[in-house]
Amino acid sequence: MIALSLAEIAAVVGGQTHDIPDPSAQVTGPVVRDSREVEPGSLFVAFVGEHVDGHDYAAAVVEAGAAAVLASRPVGVPAIVVDDVQAALGALARHVVHKLGTTLVALTGSAGKTSTKDLIAQVLRRKAPTVFTPGSLNNEIGLPLTALSATEETKFLVLEMGARGIGHIRYLADLTPPKVGLVLNVGTAHIGEFGGREQIAQAKGELVESLPPASEGGTAILNADDPLVRAMASRTQAKVVLFGESDEADVRAENVRLTDSGQPVFSLRTPSGCSDVTMRLYGEHHVSNALAAAAVAHELGMSVEEIATALSEAGSLSRWRMEVTERPDGVTIVNDAYNANPESMRAALRALAAMGRGRRTWAVLGKMAELGDEALAEHDAVGRLAVRLNVGKLVAVGGREASWLQLGAYNEGSWGEESVHVSDAQAAVDLLRSELRPGDVVLVKASRSVGLESVAQALLPTGAEGEVAAR
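Residues numbered from 1 in each chain as written. Predicted model: local features only at pLDDT ≥ 70, side-chain atom pairs only at ≥ 80, totals over all residues. Heavy atoms only, no water.

To continue, consider the nonpolar core. Counting residues in each nonpolar core, the largest one holds 88 residues, and the members touching the most others are Met-1, Ile-80, Leu-92, Leu-349 and Leu-365. At seven residues, the largest contribution of residues to this core is made by helix H3 (residues 85-100). Not counting residues within four places of it along the chain, the set of residues in contact with Ile-80 comprises Leu-6, Ile-9, Ala-10, Val-13, Gly-15, Gln-16, Ile-20, Val-69, Leu-70 and Ala-71. With 39 residues, the next largest nonpolar core counts Leu-107, Leu-182, Ile-221 and Ala-297 among its residues. (Core = buried A, V, L, I, M, F, W, Y, C linked by side-chain atoms within 4.5 Å. Buried < 20%, exposed > 50% of the residue type's maximum accessible area, 1.4 Å probe, protein only. Helix = DSSP H or I, 4+ residues; strand = E, 2+ residues; numbered from the N terminus. Contact = heavy atoms within 4.5 Å.)

On the secondary structure map, Lys-445 appears in strand E22 (residues 441-445). Within the structure, Lys-445 has its side chain in polar contact with the side chain of Asp-336 (distance 2.9 Å). With residues near it in sequence (within four places) discarded, Lys-445 still touches Asp-336, Ala-337, Asn-339, Ala-340, Ser-344, Met-345, Ala-348, Val-364, Leu-365, Gly-366 and Leu-452. (Polar contact = N/O pair within 3.5 Å; in protein donor to acceptor, adjacent residues only side chain to side chain.)

What follows is about the packing of helix H1 (residues 6-13) against H3. Where H1 meets H3, the closest approach of the two axes is 8 Å, and the angle between their N-to-C directions is 110 degrees. In terms of orientation, H1 and H3 fall into the roughly perpendicular class. As for the relative orientation of H1 and H3, their crossing is right-handed in sense. Packed against H1, whose contacting residues are Glu-8, Ile-9, Val-12 and Val-13, the element H3 presents Ala-88, Ala-91, Leu-92, His-95 and Lys-99 at the interface. Class assignment of the residues belonging to the contact of H1 with H3 gives a composition of six nonpolar, one polar and two charged. (Axes fitted to C-alpha atoms, helices over the stretch in contact; angles between N-to-C directions. Parallel < 35°, antiparallel > 145°, perpendicular 65-115°, else oblique. Left-handed = near helix turned anticlockwise from the far one by under 90°. Nonpolar A, V, L, I, M, F, W, Y, C, P; charged D, E, K, R; others polar.)

The backbone of Asp-19 sits at a positive phi, close to 60 degrees, despite the residue not being glycine. Along the chain, Asp-19 turns up in the loop between strand E2 (16-18) and strand E3 (26-27).

Once that is clear, we can look at the confidence of the model for the protein. Interpreting fine coordinate detail is not advised for predicted regions of low pLDDT. Here the protein shows a mean pLDDT of 94. Residues at 70 or above account for 98%. Ignoring residues within four places in sequence, the model shows residues 465-471, a span with pLDDT below 50, making 21 contacts including any to other chains. (pLDDT = per-residue confidence, 0-100.)

Structurally, Tyr-410 is set in helix H15 (residues 400-413). Each C-alpha atom, one on Tyr-410 and one on Gly-383, is 7.9 Å from the other, the two residues being 27 residues apart in sequence.

Looking now at the sheet that holds strand E9 (residues 130-132). Across the sheet, which stays open at both edges, the nine strands sit in the order E9-E10-E8-E11-E12-E13-E14-E15-E16 with mixed pairing between neighbours. Each edge of the open sheet is held by one strand with a lone partner, namely E9 and strand E16 (273-278). Within the sheet, the average angular offset between the axes of one strand and its neighbour, ignoring direction, is 15 degrees. Of the strand pairs in this sheet, strand E12 (residues 219-223) and strand E13 (residues 239-244) are connected by five bridges, and their pairing is parallel. Looking at the pairing, Ile-221 lines up with Val-241 of E13. (Pairing = 2+ DSSP bridges.)

Let's shift gears to the sheet that holds strand E7 (residues 79-81). If you trace the five strands from one edge of the open sheet to the other, you get E2-E7-E6-E5-E4, paired in mixed fashion. Of all strands in the sheet, those bounded by a partner on one side alone are E2 and strand E4 (31-32). Bridging between E2 and E7 involves three bridges; their strand directions are antiparallel. Paired with Gln-16 across the bridge in E7 is Val-81. Docked against the sheet, H1 engages E2, strand E6 (68-71) and E7, running at close to 15 degrees with respect to E7. On top of the sheet, H3 reaches E4, strand E5 (43-45) and E6; it is set at about 120 degrees to E6, its chief contact.

To continue, consider the packing of aromatic side chains. One pass over the structure, following the stated rule, counts zero aromatic pairs. The residue whose ring lies beneath Arg-321 is Tyr-338, and the NZ or CZ to ring-centre distance is 3.8 Å. (Phe/Tyr/Trp six-rings, centres within 6.5 Å; stacked < 30°, edge-to-face > 60°. Lys NZ or Arg CZ within 6 Å of the ring centre and 35° of its normal.)

Before going further, it helps to spend a moment on the pattern of salt bridges. Applying the stated criterion across every chain yields a total of 23 salt bridges. The partner of Glu-370 in a salt bridge is Arg-164, and the shortest N-O contact between them spans 2.6 Å. On the criterion of sequence distance, the pair formed by Glu-370 in the loop between strand E19 (361-365) and helix H14 (375-388) and Arg-164 in the loop between strand E10 (156-160) and helix H6 (168-175) is long-range, its members being 206 residues apart. Residue classification places Arg-164 among the partly exposed residues on the basis of a relative accessible area of 43%. For Glu-254, the salt bridge goes to Arg-252, with nearest N and O atoms at 3.3 Å. For Glu-254, a relative accessible area of 24% gives the class partly exposed. What emerges from the salt-bridge pattern is a single network uniting Asp-380, Arg-384, Arg-388 and Glu-412. (Salt bridge = Lys/Arg side-chain N within 4 Å of Asp/Glu carboxyl O.)

Have a look at this one:
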């Protein structure tokens, strides 16, 4: 974070200083909520969680070098005490972003946010210093913490914004007002909480509503291939740039194909020219993600050649998202178990089919959470898609939702031994260890709550965890 005195921080967040001998002392280190991440000069943010109270670590973090604690009560060590720690953190982020004047890029969507954010960051940092959301820390706590990690050298700040209801993105955009806003898609992720795709579109479109007008440099980058996203053009005064495979897209892909290993190849066409891209990532769904990143970079002044080179060299920065590991025996493990929704599940299955040409394929799948009344139909549809894509084996892991996956596969193709329902991750591991053959390709995917990453990790050779082919 940029250096700020404790007195200035207290004024910004509306807090009272306690046990601070010198209010002119500065916070020069990172702002953190995890006591293990404290560095000399840090500001430690004490949240009260369900199981852990950050205030209990106040003395330890100051001893470790923290300049002060942002707290909701006095803690006996230097602290800025506020009524609402979360609101104070957001106010501090808003102040720092305004003071820096950094070009802020925000993105949202039902699927692909983190992968696209990672691509944008890898492209933009070739042009100038770039700070971006780590992993999927895209909520009212993770977003301001990321913004506060920017410094005077930061040219671009790339922030992923998530939402579980109307008003969430509006709140985040108010904390960190973007100049460039990107909406990827409107799908069915969290549809049980939103109530329908129209409500999801309403929430995602809050991002483009927050942008400054075109006369002030505001730019809305929208997916031309998604009608609900494209319709958001009417909700903004910003310049509108379309990306996609549609002929009407300003930034589009032509001659798309997949290599034998399932990696996308295409011609990237922008208003300033065309250049070829061969991606290191796996699955055709990354073409749309790459186009979104290219549209952002083009609007921020990069040439099509620079963008194409950066996309061709970009890897996976976030764990358990299409991580591909080749075992010495020729078995390929695809760990895409960080999260799942119907759109990402379909994309992963299509990637598996492309990677498995001429090889036996396994889809180890579990529950997709937060689908509400759509849960049965969506799980059934995924099971049916596995059959249509000629996946060799479906291993449905878990309870009711897993049974729906298996039922869909059976109804689509009258599957017998090609589909099996197992109770938990360990049962899946035992099955795979006994039946995998050299050359097989295994996809592992489910919602985060299922924890299926343990299946992928158990199948890796010792010491191979994290050494993924897409890096």
